[in-house]
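Chains, contacts and geometry: an overview
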Amino acid sequence: MEPGLWEITVKTQMQGMDIPPSTRTQCLTEEDMVPTGNQPGQECEIIDMKVSGNTVTWTMRCSGQGGDVEGTGRIEYQGDSFHGSTTTIIGEGMSVESIMTGKRLGDCK
């Protein structure tokens, strides 16, 4: 994983709905290798993160107006790019899948 400013594109799928992809930038470091996408009014924290080679896996917990949710994620870094996914469980039996891709743009400012 190359620390720096990354462009992250996320495509989210929710049972029967495809949400248009969104793109943003985020500074990622060796201490903070997980892209976050907090929504307004939502606060998320990584509660467990493991690194094995070029793969990062994590568990997160988010709280907000809609209540608490938990999710898991996995990213595989390949030099100046990555691909991965997250799964978040909302309510009983409803899950949200997000596919992420990223490319390093340069150093953080």
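**Some remarks on the packing of aromatic side chains**
- As enumerated under the stated definition, the model contains 3 aromatic pairs in all.
- Summarising the aromatic geometry, the rings of Trp6 and Tyr77 are spaced 5.6 Å apart at their centres and angled 80 degrees between planes, so their arrangement reads as edge-to-face. Pair noted here: Trp6 is in strand S1 (residues 4-14) and Tyr77 is in strand S5 (residues 69-78), with a separation of 71 residues, a long-range link.
- The exposure class of Trp6 is buried, given its relative accessible area of 0%.
- Accessibility expressed as a relative area gives 2% for Tyr77, which makes it buried.
- Seen from their ring centres, Tyr77 and Phe82 are 5.3 Å apart, and the 65 degrees between their planes marks the pair as edge-to-face.

**With respect to the nonpolar core**
- With 15 residues, the main nonpolar core has Trp6, Val56, Trp58, Ile75, Tyr77, Phe82 and Met100 as its most contacted residues.
- Mapped onto this core, the elements with two or more residues apiece are S1, strand S4 (55-64) and S5.
- For this core, the element with the highest residue contribution is S4, accounting for 4 residues.
- Sequence-distant contacts of Val56, that is, excluding residues within four places in its chain, are made with Met33, Val34, Met49, Lys50, Val51, Gly73, Arg74, Ile75 and Tyr77.

**Looking at the state of the cysteines**
- Inspection of the entire model under this criterion finds 2 disulfides.
- Sulfur-sulfur distance for the disulfide between Cys44 and Cys62 comes to 2.0 Å. Handedness of the Cys44-Cys62 disulfide follows from its S-S torsion of about 110 degrees: it is right-handed. A residue pair is termed long-range when its members are at least 10 positions apart, and Cys44 in strand S3 (residues 42-52) and Cys62 in strand S4 qualify at 18 residues.

Criteria and thresholds
- Residues numbered from 1 in each chain as written.
- Predicted model: local features only at pLDDT ≥ 70, side-chain atom pairs only at ≥ 80, totals over all residues.
- Heavy atoms only, no water.
- Phe/Tyr/Trp six-rings, centres within 6.5 Å; stacked < 30°, edge-to-face > 60°.
- Helix = DSSP H or I, 4+ residues; strand = E, 2+ residues; numbered from the N terminus.
- Buried < 20%, exposed > 50% of the residue type's maximum accessible area, 1.4 Å probe, protein only.
- Core = buried A, V, L, I, M, F, W, Y, C linked by side-chain atoms within 4.5 Å.
- Contact = heavy atoms within 4.5 Å.
- Disulfide = S-S within 2.5 Å.

Taken by themselves, the reported measurements are silent on function.
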